[in-house]
Amino acid sequence: PLPPVRTFGLGLAYGVISAFLCSTVVVGCLHVVMDRREGKERVKSRILTLPRISKKIVEFQKSQQALVIIVAILICAVSILGALRLETEIDLADFLDEEMEIMQVRADLNQSYEASSWKFVYLFFEGEGENAITGDLEMLDQLSWLDDRLAYVHGVVGWEVGSPSYEGPYTVLRDAVLGDSAWGEQHNLEMFGEKLVEIDASSTVDLGAAFANLSDNDSVADPLTGRTWAERVGRTINLVGEEIHYMRMEIRVVAATSGESQQIIASFERELGSVDQPGTLRSGLAGNAQVHLGGDLVKLQAVLQGLTTSQVESTVLSLIVSLCVLLVLTRRFIPAIIVLLPIGMATLWVAGSMVLFGLKWNVLTVMVTALTIGIGIDYSIHIWRSFETELENDPKNPWKAMEKVISTTGVALILSAGTTVCGFLVLLFSPMPVVQDFGLVTAITVIFSLILCTLFLPVLLTLNAMMNGTDNNAEAEPEVESK
């Protein structure tokens, strides 16, 4: 749902297609041209292999099959617990280096002045459909109730002393009555303690008429800001004649980080509730007005939810697409699952490692799970396909076939992964922390994918080959006896 994430995905897809075309067409043609030796015997290059290391790796896998599987599963379990603790946050500090002068000034402001981290949350009221807001007395009661509740919403400026700081229809009416009780009597309003109430229950309360009267008053209403009554009404009420069509409340809150913003928005949503929840604002105004929550903090919350949604959906879709591709390649369900399993485990390992490095989900790292599948699936396919080829030459000795795979394809993957890791680690030199985190997490992704595909996947492939070989031999014995 986020345009930057879509653009990033399209850019990666285009890059993969371009790299595929260059490596298969351009590099292939150059390889043929440069290696052509007319009239001369072609010099055969020596392929880099590590037979001793490969043999030791396979011997360890063969002797410690259960240990390899159990350790991989345990790491996955620990990673899941760690991933549940990861938070999704976006802050200005993610995009700028803390050593920059502007960030030092920002830190000094936050420490010296509490108001430096003030932000605004807006409540918008509108009539049902295209009608004006009705039920003036119910609206007054609900606005009075909300005034009390805001004093208990953590994050609202002034909640500690029970005096929430906000501007809205209720504060305009309250200040008008406090400043001129005769004006309040004229509109059947008075202060009862700290509450604004009706004077005579037998008479009506017409909030539209009261606001229309104040909108013609150009005297100063707020000595601190210098705003007149007309200006204050214009900032909170939309009038058509003496009918109220829209109202707005501007509430000051303290939110220095996106995590605090999430808590504040969640608190407001609980107070607003729904039409079906008795004791909430929306339920109290049902049939008279609709209430909407808005402001930059709400937009930020939508972005954070969009990041979480993008991560889950992209990961699930990547797994499904990868499984379909593997089913086409293997034409068997179990081998397809075996090839995909290490990559799914790598995504868990990466999420767990982020806790160790003190990282959080942000606009870039949130895409690393899908990126892990895209990078790691190549390693799995190469190992599996090479093993299938070697197994055809020596079907009775799968461990020997795997040793050849590790010494050839495995070495190639190690070299390939090494260059990829170095390419992403270059991002650590970026002045933007969010880019540094992305480079580190992606490098870890490549390392984990390589480890699981060269240590864990071979155990699964050889066990599956041995089981299939045993089944084939068991089916062949009765046929031999009958002959």
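Presented here is an overview of the structure given in this document. Just so it is clear, the model here is predicted, and its values are computed rather than measured.

**Things to note about the overall build of the protein chain**
In terms of regular secondary structure, the protein chain is built from 16 helices and nine strands. Its C-alpha atoms give the protein chain a radius of gyration of 34 Å, more than 25% over the compact-globule value 23 Å for 483 residues. Dimensions along the principal axes, computed over C-alpha positions, put the protein chain at roughly 110 × 60 × 40 Å. Partitioning the intrachain contacts of the protein chain with sequence separation of at least 6 by distance along the chain shows that 70% fall at a separation of at least 24.

**Remarks on the packing of aromatic side chains**
Applying the stated criterion across every chain, the model contains five aromatic pairs. Ring centres of Phe8 and Phe438 lie 5.8 Å apart, and the angle between their planes is 85°; on these two criteria the pair is classed as edge-to-face. You can see Phe8 sitting in helix α1 (residues 3-35) and its partner Phe438 sitting in helix α16 (residues 433-482), a full 430 residues away along the chain. Looking at Phe8, the relative accessible area reads 24%, which means it is partly exposed. Take Phe438: its relative accessible area is 8%, and that puts it in the buried class. Of the aromatic side chains, those joined through ring pairs into one cluster are Phe8, Phe424 and Phe438. Between Arg385 and the ring centre of Trp384, over which it is positioned, the NZ or CZ distance is 5.9 Å.

**A short note on the environment of Leu327**
Relative to the elements of secondary structure, Leu327 occurs in helix α12 (residues 296-330). Considered as a pair, Leu327 and Ile337 are 10 residues apart in the sequence and their alpha carbons are 8.7 Å apart. Those residues in contact with Leu327, other than ones at most four positions away along the chain, are Arg332, Phe333 and Ala336.

**Considerations on the state of the cysteines**
Put plainly, two cysteines are in a disulfide when a covalent bond ties their sulfur atoms together. Applying the stated criterion across every chain yields a total of zero disulfides. Distance from the sulfur of Cys422, which forms no disulfide, to the nearest cysteine sulfur (Cys453) is 19 Å. Unpaired in this structure, Cys453 has its nearest cysteine sulfur neighbour in Cys76, at a distance of 13 Å.

**Thoughts on the pattern of salt bridges**
Scanning the model with the defined rule gives nine salt bridges in all. One salt bridge in this structure joins Glu167 and Arg232, with 2.8 Å as the shortest N-O distance. On the criterion of sequence distance, the pair formed by Glu167 in strand β2 (residues 166-167) and Arg232 in helix α9 (residues 229-236) is long-range, its members being 65 residues apart. For the pair Glu167 and Arg232, a shared accessibility class is recorded, and that class is buried. Each of Glu167, Asp175 and Arg232 takes part in a single network of salt bridges with overlapping partners.

**Some remarks on the environment of Gln64**
Considering the arrangement of structural elements, one finds Gln64 in the loop between α2 (51-63) and α3 (65-83). Residues Gln64 and Glu190, 126 residues apart in the sequence, show an inter-C-alpha distance of 83 Å.

**Considering the packing of α2 against helix α15 (residues 398-425)**
Relative orientation and spacing of two packed helices are given, respectively, by the angle between their axes and the distance between those axes. At a minimum axis distance of 9 Å, the contact between α2 and α15 shows a crossing angle of 135°. The pairing of α2 with α15 is recorded here as oblique in orientation. Relative to α15, α2 is oriented so that their crossing is right-handed. Residue-level inspection shows Pro51, Ser54, Lys55, Ile57, Val58, Gln61 and Lys62 of α2 in contact with α15, the latter providing Trp399, Met402, Glu403, Ile406 and Ser407. When its residues are assigned to classes, the contact of α2 with α15 shows six nonpolar, three polar and three charged.

**What to know about the nonpolar core**
In this structure, Leu307, Trp361, Tyr379, Phe387, Phe456 and Leu461 are the most contacted members of the largest nonpolar core, which totals 63 residues. At the level of secondary structure, the elements contributing two or more residues to this core comprise α3, α12, α13 (333-356), α14 (368-393), α15 and α16. At 18 residues, the largest contribution of residues to this core is made by α16.

**Digging into the pairing of strand β4 (residues 195-198)**
Regular strands have side chains that alternate between both faces of the sheet. In the sheet, strand β3 (residues 189-192) pairs with β4 via four bridges, with the strands oriented antiparallel. Bridge pairing in β4 places Phe192 opposite Lys195. Between β3 and β4, which pair antiparallel and follow one another directly, the connecting turn spans two residues, one of which, Gly193, has a positive phi of 70°.

**So, the packing of helix α6 (residues 169-179) against α9**
At their nearest, the axes of α6 and α9 sit 9 Å apart, and the two run at 155° to each other. Considering their axes alone, α6 and α9 lie roughly antiparallel with respect to each other. The handedness of the crossing between α6 and α9 comes out as left-handed. Here Pro169, Thr171, Val172, Asp175 and Ala176 of α6 come into contact with α9, specifically with Trp229, Arg232, Val233 and Thr236.

**Details of unusual backbone geometry**
We note that Asn188 has phi near 60°; this positive angle belongs to a residue other than glycine. Inspection of the secondary structure puts Asn188 in the loop between α7 (181-186) and β3.

**With respect to the environment of Arg232**
Residue classification places Arg232 among the buried positions, given a relative accessible area of 4%. Linking Arg232 and Gln61, residues 171 residues apart in sequence, is a C-alpha distance of 76 Å. Once residues within four sequence positions are removed from consideration, Arg232 is found in contact with Glu167, Thr171, Val172, Asp175, Ala221, Asp222 and Arg227.

**Re a nonpolar patch on the surface**
Where nonpolar side chains cluster on the molecular surface, the patch consists of Ile17, Phe20, Leu21, Val25, Val26, Val27, Leu30, Val33 and Met34 and spans about 880 Å² of accessible area. Summarising the element assignment, Val27 is placed in helix α1.

**Some words on the side chain of Gln61**
Along the chain, Gln61 falls in helix α2. Classification of Gln61 as buried rests on a relative accessible area of 0%. Here the side chain of Gln61 touches Thr454 through a polar contact of 2.8 Å, landing on its backbone oxygen. Residues contacting Gln61, with those up to four places away along its chain left out, are Trp399, Met402, Thr454, Leu455, Pro458 and Val459.

Cut-offs used in this document
- Residues numbered from 1 in each chain as written.
- Predicted model: local features only at pLDDT ≥ 70, side-chain atom pairs only at ≥ 80, totals over all residues.
- Heavy atoms only, no water.
- Helix = DSSP H or I, 4+ residues; strand = E, 2+ residues; numbered from the N terminus.
- Rg over C-alpha atoms; globule rule 2.2 N^0.38 Å.
- Contact = heavy atoms within 4.5 Å.
- Phe/Tyr/Trp six-rings, centres within 6.5 Å; stacked < 30°, edge-to-face > 60°.
- Buried < 20%, exposed > 50% of the residue type's maximum accessible area, 1.4 Å probe, protein only.
- Lys NZ or Arg CZ within 6 Å of the ring centre and 35° of its normal.
- Disulfide = S-S within 2.5 Å.
- Salt bridge = Lys/Arg side-chain N within 4 Å of Asp/Glu carboxyl O.
- Axes fitted to C-alpha atoms, helices over the stretch in contact; angles between N-to-C directions.
- Parallel < 35°, antiparallel > 145°, perpendicular 65-115°, else oblique.
- Left-handed = near helix turned anticlockwise from the far one by under 90°.
- Nonpolar A, V, L, I, M, F, W, Y, C, P; charged D, E, K, R; others polar.
- Core = buried A, V, L, I, M, F, W, Y, C linked by side-chain atoms within 4.5 Å.
- Pairing = 2+ DSSP bridges.
- Patch = residues over 30% accessible without salt bridge, like charges linked within 9 Å, V, L, I, M, F, W, Y side chains within 5 Å.
- Areas by Shrake-Rupley, 256 points an atom, 1.4 Å probe, with all protein chains shown as cover.
- Polar contact = N/O pair within 3.5 Å; in protein donor to acceptor, adjacent residues only side chain to side chain.

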